[in-house]
Structures are given as structure tokens and as C-alpha cells.
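# Descriptive structure summary
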Amino acid sequence: MGALLTAAGPAWHALPASGVARTLAVDPSAGLTAAEAAVRLSRFGVNALPEAAGAGALQRLAEQFTSFLVLVLVAAAVLSFALGERLDAVAIMAIVVLNALLGFAQEHRAERALQTLRATAAPMATVVRDSIPARIPAADVVPGDVLRLQDGDVVAADARVVESAALRANEAILTGESAPVDKTSDAVDVDADLAERRSMVYCGSQVVYGRGTAIVVATGVETEMGRIAASMARRPSPRTPLQRRLAAMGRWLVYTTGALCAGVFAIGVARGLAAGDVFLTAASLGVAAIPEGLPAAATIVLALGVQRMARRNAIVRRLAAVEALGSVTVMCIDKTGTLTENRMEAKAMWMSGRYLDAERDMPSDAGLALRQALLAATLCNDASLDGDGEGVGDPTEVALLALVRRHGIEPGEARAKSPREQELPFTAERARMAVVCRTPEGRTAYVKGAPEAVVALASASYQDGGPAPLDHAERGAILDAAAGLAARGMRVLALAGRELPDDASADPERDLVLYGLVGLADPLRPEARPSLQAAMAAGIHPVMLTGDHPVTARAISEELGLPTEVIITGRQVEDLPEDQLEEALAQASVFARVSSHHKLRIIEAYRRLGEVVAMTGDGVNDAPALHAADVGVAMGRGGTDVAREAADIVLADNNVQSIVAAVEEGRTIYENIRKFVHYLLACNLAEVLVVFLALSVEGATPLLPLQILFINLLTDGLPALALGAEPAEPDVMTRRPRPTKAGILGAASLAPIAGIGGLIAAATLAAYWWAQATGDDELAREMTFATLVGAQLAAALQFRSPTRPLLSLRRNVWLLGAIVLSFSLLLAAIHAPFLQPAFDTSGLSAREWAVVGGLSLAPFAVVEALKLARVGVWLERPQRL
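Residues numbered from 1 in each chain as written. Predicted model: local features only at pLDDT ≥ 70, side-chain atom pairs only at ≥ 80, totals over all residues. Heavy atoms only, no water.

### Points about the overall build of the chain
Each helix and strand in the chain was counted, giving 32 helices and 28 strands. Counting all 881 residues of the chain, 56% fall into the buried class. Residue pairs at least 24 apart in sequence account for 71% of intrachain contacts in the chain once pairs closer than 6 positions are excluded. (Helix = DSSP H or I, 4+ residues; strand = E, 2+ residues; numbered from the N terminus. Buried < 20%, exposed > 50% of the residue type's maximum accessible area, 1.4 Å probe, protein only. Contact = heavy atoms within 4.5 Å.)

### Here we look at the packing of helix α13 (residues 367-379) against helix α14 (residues 395-406)
Direction vectors running N to C along α13 and α14 enclose 140°, while the axes themselves pass 9 Å from each other. On the basis of the axis angle, α13 is oblique to α14. By crossing handedness, the relation of α13 to α14 is classed as left-handed. Here α13 contributes Leu374, Ala377 and Thr378 to the contact with α14, which in turn contributes Leu400, Leu401, Leu403 and Val404. (Axes fitted to C-alpha atoms, helices over the stretch in contact; angles between N-to-C directions. Parallel < 35°, antiparallel > 145°, perpendicular 65-115°, else oblique. Left-handed = near helix turned anticlockwise from the far one by under 90°.)

### Topic: helix α18 (residues 528-537)
Since the α-helix advances by 3.6 residues per turn, residues separated by three or four positions end up pointing in the same direction. Among the residues making up α18, those that are buried are Ala528, Ser531, Leu532 and Ala535. Projected onto a plane normal to the axis of α18, the buried residues spread over an arc of 95° and lie on a single side. Lining the buried residues of α18 we find β11 (330-334), α12 (335-339), β23 (541-545), α19 (550-560) and α25 (657-698). Glycine 539 sits one or two residues past α18 and shows a positive phi near 80°. (Arc of directions from axis to C-beta.)

### Notes on the packing of α18 against α19
The contact between α18 and α19 brings their axes to 9 Å, and the two run at 70°. With respect to each other, α18 and α19 are oriented roughly perpendicular. Residues Ala528, Arg529, Leu532 and Gln533 of α18 lie in contact with α19, whose contacting residues are Glu558, Glu559 and Leu560. When the residues that make up the contact of α18 with α19 are grouped by side-chain class, the tally is three nonpolar, one polar and three charged. (Nonpolar A, V, L, I, M, F, W, Y, C, P; charged D, E, K, R; others polar.)

### Side note on the sheet that holds strand β28 (residues 649-651)
One open sheet holds the eight strands; their spatial order is β10-β28-β27-β26-β11-β23-β25-β24, and the pairing between them is mixed. Each edge of the sheet is formed by a strand with only one pairing partner; in this case those strands are β10 (314-316) and β24 (567-569). Averaged over all neighbouring strand pairs, the angle between strand axes comes to 20°, with direction disregarded. Pairing of strand β27 (residues 631-635) with β28 involves three bridges; the strand directions are parallel. What sits directly across from alanine 634, in β28, is valine 650. (Pairing = 2+ DSSP bridges.)

### Thoughts on the environment of arginine 529
Turning to its location among the elements, arginine 529 is positioned in helix α18. Residue classification places arginine 529 among the partly exposed positions, given a relative accessible area of 38%. When sequence neighbours within four positions are dropped, the list of residues in contact with arginine 529 reads Glu558, Glu559, Leu560 and Gly561.

### Remarks on the packing of aromatic side chains
Taken as a whole, this structure holds six aromatic pairs when the rule is applied. Residues tyrosine 462 and tyrosine 515 carry aromatic rings whose centres are separated by 5.6 Å and whose planes lie at 45° to one another, so their mutual orientation is tilted. Placement of the pair is tyrosine 462 in strand β19 (residues 458-463) and tyrosine 515 in strand β22 (residues 512-521), with a sequence separation of 53 residues. Of the residues examined, tyrosine 515 reaches a relative accessible area of 4% and is grouped as buried. (Phe/Tyr/Trp six-rings, centres within 6.5 Å; stacked < 30°, edge-to-face > 60°.)

### Re helix α17 (residues 472-487)
Taking 1.5 Å per residue as the helical rise, α17 with its 16 residues ought to reach 22 Å, and the 22 Å between its terminal C-alpha atoms agrees with that figure. For α17, every residue scored as buried is listed here: Ile478, Ala481, Ala482 and Leu485. The buried residues of α17 occupy an angular sector of 95° when projected down its axis, which confines them to one face. Exposed residues pointing more than 90 degrees away from the buried face of α17 are listed as His472, Ala473 and Asp480. Backbone nitrogen of alanine 473 and a side-chain oxygen of the N-cap are separated by 3.2 Å at the start of α17; the cap is aspartate 471. (Expected span 1.5 Å × (residues − 1). Polar contact = N/O pair within 3.5 Å; in protein donor to acceptor, adjacent residues only side chain to side chain.)

### Description of a nonpolar patch on the surface
Where nonpolar side chains cluster on the molecular surface, the patch consists of Phe265, Val269 and Phe279 and spans about 240 Å² of accessible area. A relative accessible area of 45% means that phenylalanine 279 is categorised as partly exposed. (Patch = residues over 30% accessible without salt bridge, like charges linked within 9 Å, V, L, I, M, F, W, Y side chains within 5 Å. Areas by Shrake-Rupley, 256 points an atom, 1.4 Å probe, with all protein chains shown as cover. Salt bridge = Lys/Arg side-chain N within 4 Å of Asp/Glu carboxyl O.)

### Brief notes about the confidence of the model for the chain
When pLDDT is averaged across the chain, the result is 82; 83% of the residues are at 70 or more. Predicted confidence is poor over residues 872-876, with pLDDT under 50, and the contacts of this stretch with residues over four places away or in other chains come to 19 contacts. (pLDDT = per-residue confidence, 0-100.)

### As for the pattern of salt bridges
Summed over the entire model, instances satisfying the criterion amount to 31 salt bridges. Between arginine 432 and glutamate 509 there is a salt bridge whose closest N-O contact spans 3.2 Å. Of this pair, arginine 432 sits in strand β17 (residues 432-439) while glutamate 509 is found in the loop between β21 (491-499) and β22, placing the two residues 77 residues apart along the sequence. Of the two residues, arginine 432 and glutamate 509, both sit in the buried class. Three or more residues joined by partner-sharing salt bridges are found here, namely Glu671, Lys675, Glu729, Asp731 and Arg735.

### Description of the side chain of threonine 616
Looking at the secondary structure, you find threonine 616 in strand β26 (residues 613-617). Apart from residues no more than four positions distant in its own chain, threonine 616 is found in contact with Cys332, Ile333, Asp334, Thr338, Leu626, Val633 and Ile659.

### Brief notes about the nonpolar core
By size, the foremost hydrophobic cluster in this structure holds 102 residues, and its most contacted members are Leu560, Ile649, Phe676, Tyr679 and Phe785. The greatest single-element share of this core, amounting to 18 residues, is contributed by α25. Residues Val543, Ile568, Ala605 and Ala623 belong to the second largest nonpolar core, which totals 52 residues. (Core = buried A, V, L, I, M, F, W, Y, C linked by side-chain atoms within 4.5 Å.)

### Quick notes on the pairing of β17
Where burial is concerned, most of β17 is hidden: seven out of the eight residues are buried. Direction of pairing for strand β16 (residues 420-424) relative to β17: antiparallel, over a ladder of four bridges. Following the sheet pairing, glutamine 422 is matched in β17 by valine 436. Relative to strand β18 (residues 442-449), β17 runs antiparallel, the two sharing eight bridges. Across the sheet, residue alanine 434 finds its bridge partner in β18, namely valine 447. Linkage of β17 to β18, two consecutive antiparallel strands, is achieved through a turn of two residues.

### Looking at the environment of isoleucine 315
Its place among the elements puts isoleucine 315 in strand β10. In this structure isoleucine 315 comes out as buried when scored by relative accessible area, which is 14%. For the pair isoleucine 315 and leucine 651, spaced 336 residues apart in sequence, the C-alpha separation works out to 6.2 Å.

Dropping the structure here:
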């Protein structure tokens with residue numbers, strides 16, 4: 001027994017069935033007693049997957065206030081209140097609360113939408129209790145229970161098979177392998193991978209054929225599915241690139257603003273101004289320099305992106321995940337159910353010595369062989385089809401019936417004309433199924449199964465003119481044809497039959513006539529290949545993860561257009577040291593025979609390399625990788641609850657193309673965030689420069705504290721939000737992904753921020769000194785106030801695009817409206833009698849407004865001229881592919 005122990009306990013798959021029964025103290029024929037089952041239920045707990053402790057409403061709301069920049073804004077509001085600027089304090093806190101409510105509302109809507117997709121995996125189970133089969137809730141199943149399994153059952157717990165009558169299960173949710181797995185009572189090697197443990201059935205998998213008995217060895221959190229769900233609960237969700245960049249920028253802003261305000265205070269005191277007045281100006285400038293509109297603007301921009309994604313059937317659970325998709329450099333995609341439809345379909349046939357496309361009309365000279373092959377596929381088959389083409393039974397047999405119907409034979413009618421008299425069921429050992437039917441021509445045997453098993457029993461095959469004897473060379477050619485179909489990623493079945501005499505003792509599996517071969521595969525989703533091609537065109541490295549055999553993986557990846565020079569297996573992922581695995585990642589786009597922990601290791605290795613990783617999948621085996629990735633994308637239709645809980649985005653329509661659309665949306669969002677961040681900082685820099693230079697040169701403050709705060713309110717509010725609604729630029733999906741270490745602010749950001757901020761400051765100081773020449777300090781402050789606002793509003797138009805002139809851009813009505821409204825508020829502050837005392841204004845003449853207008857538009861004109869002259873060095877150019 002010692003050699004059969006693993007870290008999780010006995011290697012049940014490697015123990016003989018009798019040993020499992022002894023270890024768990026149960027008689028497979030009698031099952032547990034009701035009393036013993038109650039004791040074990042108390043000891044092991046209910047058979048239920050661990051549920052993630054969902055955050056309550058108050059906790060989700062509180063989490064909206066935890067970002068560094070939001071905390072800085074709260075501090076700024078407190079400082080404003082302490083300085084007596086209660087109106088500004090209220091305005092800042094209103095923005096903070098609005099930001100929190102928007103984020104909370106979106107997450108709440110996403111959770112409510114997700115609830116509609118959740119379903120119970122295995123609500124009931126058939127067990128043997130006190131020697132009597134009983135139907136009980138799956139939650140009451142305990143270790144040692146004897147499960148009775150049949151076609152259509154969802155397995156309630158991990159169990160060791162003790163009897164199998166052609167038992168076959170679909171384990172795609174755990175292994176990613178779409179083809180059903182034959183189950184046997186024989187022990188398998190202790191080192192067998194999960195997908196190769198044919199002596200086990202696992203919680204959440206579905207029986208698709210046959211029947212069997214199995215002893216439960218693990219329930220709840222101890223099942224393979226439960227361990228995966230529990231492992232995710234212990235892993236914190238990684239912060240998105242946007243969250244990391246905003247936090248870094250917030251810290252930089254605090255340090256820089258503190259230094260600038262200290263400099264303003266020191267210069268003012270050195271010039272002999274009253275310390276109290278200078279401190280009030282420096283503090284007001286500090287509050288103004290922090291872009292309080294940034295968190296709300298970022299949240300609103302993300303929320304708008306979420307709404308656009310919702311119209312494409314994508315449920316966004318975490319607001320920042322939309323932008324994070326725009327940063328993606330590697331897209332790891334689970335094959336089964338994501339790139340493929342998670343069903344079987346007949347793709348090709350081989351008969352009369354040639355390959356035929358099963359999806360198209362067959363040539364006329366294949367008629368006789370084709371008819372016999374279709375009859376064999378219909379009559380040697382236990383599945384059924386309804387009128388809408390929906391099938392019940394083994395997916396492979398359902399696919400055969402769909403092929404039959406596609407070629408004009410109605411399965412139900414054919415079976416009615418040729419009732420079954422005898423059946424030899426499929427077993428793993430026989431690798432075939434045989435039936436004897438009473439056809440209009442007499443008794444006929446039909447056989448389907450693995451090519452090597454059926455060809456060995458055949459003495460003839462259909463050629464152009466009818467059955468012809470098989471010799472050794474022709475048998476080899478048939479098996480080579482089967483290998484050719486398998487190399488294209490297909491599961492291959494041979495179809496054969498023979499006419500029988502009325503003697504019931506005649507062997508139905510002797511001297512068969514081979515009708516042909518059928519190749520079946522899990523078909524690709526129509527949008528899969530173009531979606532991956534679009535991702536590659538956008539500079540993203542797509543990676544396919546599958547539980548399939550490497551030969552199948554290669555065929556599918558070729559069909560998808562992925563490179564196949566290097567295919568890495570799960571065993572290699574497990575055995576390679578971290579440094580060698582990271583080197584291998586750069587060479588491979590396909591990983592085969594990978595399990596849950598392999599996928600997780602791959603994701604973590606990519607993230608160590610600095611890649612921003614998106615993971616898509618729908619099975620339980622995908623959940624840890626979905627959780628660990630920068631962005632997890634789960635399939636909502638037919639996917640598992642565990643996968644959906646782990647994901648940041650759920651695609652309700654399972655359309656892979658929506659992922660690429662989300663990447664475009666994310667890139668647009670990030671570009672818009674950069675635009676309004678650059679705009680906000682350029683405006684705030686202009687305000688600091690105006691006050692700093694006026695104090696240094698004139699020894700006077702050109703703006704009152706309330707004017708500074710009001711300027712900040714006008715320019716940091718609506719115009720910034722409107723920049724966030726900027727339409728996508730035409731080339732956004734032909735650019736390289738952003739460097740993973742690039743922040744929202746970088747060396748390339750200095751040109752637009754310093755350049756435009758300096759131009760605005762120069763124009764404003766020109767207005768200040770023009771008015772000061774008249775000797776009227778109040779007029780100088782008023783013209784400074786008006787010019788600074790006007791120049792900043794005009795600059796908002798410049799930040800719409802780094803290189804394209806204004807007239808070449810699509811219309812942004814929100815920005816135009818924001819500029820008009822903000823300028824109207826400026827006019828009110830200058831000319832409305834009830835506001836003039838608060839802002840120390842008395843109105844401007846037409847001549848003075850002409851000067852303000854000309855100087856406000858001067859920075860705009862300079863930058864627009866640079867764009868028209870294609871001198872775009874003033875702003876970072878995106879990297880083209």
C-alpha cells in the first residue's frame with residue numbers, strides 16, 4: 001500500500017477494486033447502511049463544493065475607497081475644509097462618493113447577471129443503501145457510498161469504478177479532452193495523469209454511454225473539482241495593470257505636488273508676503289494640483305466600456321478588467337468549449353480507397369459503400385436525435401446520426417425497418433460494438449469500432465464495383481488511412497457488416513465487409529480562427545491549452561493558423577525547472593495533455609516574464625488559471641460555476657470574437673484615460689507655473705485661492721470626463737500592446753504635459769502682465785482667471801489625438817457640450833452680479849475679452865500647426881506592428 005500513497009491520500013486509481021472496498025469498509029453489492037452513512041456524513045461533511053465567500057454590499061462599497069489616489073482626495077477634502085473652503089471640500093467628496101457608487105453599482109449588476117447563469121452540477125445521485133438502490137440528494141453522498149451510474153447521469157463525487165458495462169464518461173470540464181473516456185474496473189498505473197485514470201469517475205463529469213458501479217472515494221472539497229475550487233480561494237486576485245499604474249501615478253503626484261507647494265510657500269515668504277496668505281495660496285494650489293476628477297473619470301470611462309461590452313453579451317464582473325484586456329500581451333485559450341463547440345461532428349470519411357469530405361455531398365460512385373456505411377452508423381448506435389437535431393447519448397454516436405440525417409436517411413425510420421435482434425456491447429477490451437438486425441434483405445450484422453479491431457475481423461472491403469477480398473497490403477493501406485485521419489486530429493471509427501444466415505449461431509463478427517472509415521472531431525467555432533488572427537494582428541501572442549493528445553493538438557492548431565513547430569506537453573511543463581520553462585514559453589503556442597495545475601504554472605510563468613496574461617476557459621480545470629491571470633474570461637453558456645466564479649469577464653454567448661472586441665475596447669479605454677490624465681496634468685502644471693512664476697518675478701499672487709479652486713473645478717471635471725468618451729482611433733488594433741512596465745506617465749508623457757502646460761502658462765502670464773501694465777491688480781487677476789480657463793478648455797480639443805489634426809477627427813459631442821457648459825460657468829463667475837463678490841470680479845470689456853480670447857487660443861494654434869506640419873514629437877506616437 002505504501003507505494004500507492006500520494007500527498008492527497010491513497011492512489012485509488014492504482015488500487016484493485018477489492019482493495020478500495022476493503023479500505024473504505026463497504027460491500028459493493030450491499031452498500032453502506034443508513035446508520036453508517038449518517039455517521040460518515042457527520043464526519044466528512046456534506047458533498048458540496050466550497051463556495052467563495054462573496055463580499056457583502058458594505059464590503060464591496062468600502063473597497064471602492066481603498067485606492068491610493070482616492071485616499072489622497074479625501075485628505076485634500078479635509079485640508080480644504082480646514083482652510084475654510086467648505087464648498088470645494090464638498091465638491092471633492094462628492095466626486096469621491098460618485099466614483100465609489102459607480103464602481104459599486106457596476107459590480108452589483110454583474111453579480112446579479114451572473115446569478116442567472118448558475119446551476120447546480122449534480123442535484124441527485126443513485127446509491128446502494130442497505131442493499132437497496134436509493135435516489136438521494138448529491139449533497140448526502142459520503143465516502144464509501146456505492147454509486148449506480150447510467151447514461152445521462154452527472155457523477156456526484158469522485159469514485160473508483162468496480163463494474164463497467166461499456167461505461168463511458170465525458171470529463172472535458174476537468175481534463176479539457178472533448179472525446180468521452182472509456183471506464184474500466186482495472187487498476188491503472190500509479191503515475192497516470194488525470195486524463196488517463198480510466199478506473200475513476202470524477203465529480204461533475206457526465207456518463208454518456210453504458211452503465212456501471214463505483215465506490216465513492218472523495219466528496220466535497222476532497223474531490224478533484226473541490227480541490228481546484230479551494231485552491232482559488234487561497235489566491236488573491238492580481239491587481240490589473242490600470243490599478244497598478246494609477247497607484248504609482250498617485251504616489252508620484254503627492255510627492256511632486258508637496259514639493260511644488262513647499263517651493264511656492266518658501267518663495268512667497270522670501271518675497272515678504274504674509275505667511276498666512278501665502279500658506280493659503282500654496283495649500284489651495286496643492287488641492288488644485290491633485291486631479292480629483294481622475295478616479296471618477298476613470299470609473300465612468302470603464303463603466304461606459306462595460307455598457308458597450310454588455311451589448312455584446314459580455315458580463316464584466318470587475319470594472320478594471322475591461323481596461324486590463326487592452327494591456328494583454330499573451331492570450332491563453334482553453335481549446336474545448338472555447339475554441340471548439342465541445343461536441344463531436346463527422347468531418348471526413350474514407351471509402352473505396354479515397355478520402356471524402358463528410359460535410360459535403362458524396363460523389364455518385366461512392367453510393368453503395370456510403371449507403372452501407374450510413375446504415376451501419378444508424379443501426380449500430382444507441383443514441384437518438386429529436387426533430388431539431390438535438391441528440392441524447394454518446395456524443396460520438398450523436399455525431400454519426402447527424403451525418404446520417406445530413407445524407408437523407410432518417411434514423412428513426414431506418415431503425416423501424418430493421419429492428420435489432422441481438423447486441424454485443426462496446427467494451428474497452430473489444431474496442432467495438434456489434435448488432436444483428438432483421439433488415440428487408442434478411443439478417444444483417446453491423447459493427448463499428450476502432451479501425452485496428454474491426455479491420456482485423458474483415459475479409460473484404462467495398463471498392464468501386466462492390467466487395468473485394470482484402471489482402472495484407474490492403475489492410476495496411478486502410479490502417480494508414482485511419483492514421484491519416486487521426487493525424488488531422490480526428491477520432492476514427494471503422495464501419496463494417498455482413499449478411500447472416502438464418503442460423504442464430506452464426507458469428508456476427510466474422511468475415512466482415514469493411515464499408516469505410518469515419519473521422520470525427522470537436523468542430524472549431526466559426527469565429528475561432530479569425531479571432532486568433534485578429535489577436536495576432538494586434539501583437540498579442542495566442543496560446544492554445546488542451547488536454548488532447550499532441551497529435552490532435554497539432555492538427556487543431558494548424559487549422560487555427562497557430563505555429564506548430566514546438567508543442568509542449570503537460571509532463572514537460574511539470575518537469576522543466578522554472579528558468580527552462582520560461583525559455584520554452586517564447587517558442588511555443590500549443591500546450592497538449594495539460595491539466596489544471598499545468599495551466600496554472602504556465603500562467604504564472606508568463607506573468608513572471610512580465611507579460612499581461614488573459615486566460616479563457618469554461619471547465620473546472622480552467623478555474624485556477626482564470627483566477628491567477630491578469631484577466632480571466634469564462635464561457636457563460638454550458639460553462640461551469642467554478643470557472644465563472646473565478647473569472648473577471650463572463651461571455652454569455654460563448655463567442656470568442658467578443659474577447660478580441662474587448663481587447664479593442666480595453667485599448668480605447670486606456671488611450672482615453674491617458675488623454676485625460678495628460679490633459680489634467682498639463683492644466684494643473686499650468687496653474688502651478690502661473691502662480692510660481694508670478695510670485696518669483698512680481699512677488700504677488702496672480703490668483704485668489706477661490707479662483708484657483710474654481711478653475712480646477714471647471715477644467716478637471718466635465719472636459720476630462722468627455723475626453724474619456726472619445727471614439728476609438730482607426731488604428732488601435734494595429735498597434736503593439738503597451739510595454740508591460742510602461743506607466744500612464746513616462747518619459748514620453750513629459751512632452752505633452754510640459755509643452756502644452758508651458759504654452760498655457762505663457763499665454764496666461766502674458767494676459768496677467770498686459771493687464772498689470774494698466775496698474776489695476778484686480779483686472780490682472782480677472783484676466784488671468786479668464787485666460788487660464790479659456791486656454792485649458794481649448795487644450796482639451798488638442799488632447800483628443802496625439803498626431804491627427806482636429807478637423808480629421810470624428811465628432812465628440814460630449815466634449816463640445818462640456819466646453820460650452822464650463823465656459824458658461826466662467827462667464828457667470830465674471831459677469832453675474834451675485835457671484836462677482838465671491839470671485840473678486842467686476843466684468844471684462846469687449847477689448848479685454850478679445851485679448852483673453854486671442855491668448856487662450858494661441859496654445860491651441862501652435863499645437864495644431866505642429867500636427868498639420870506632422871511635427872508630432874510633442875506627443876508619444878503609438879508603436880505600429
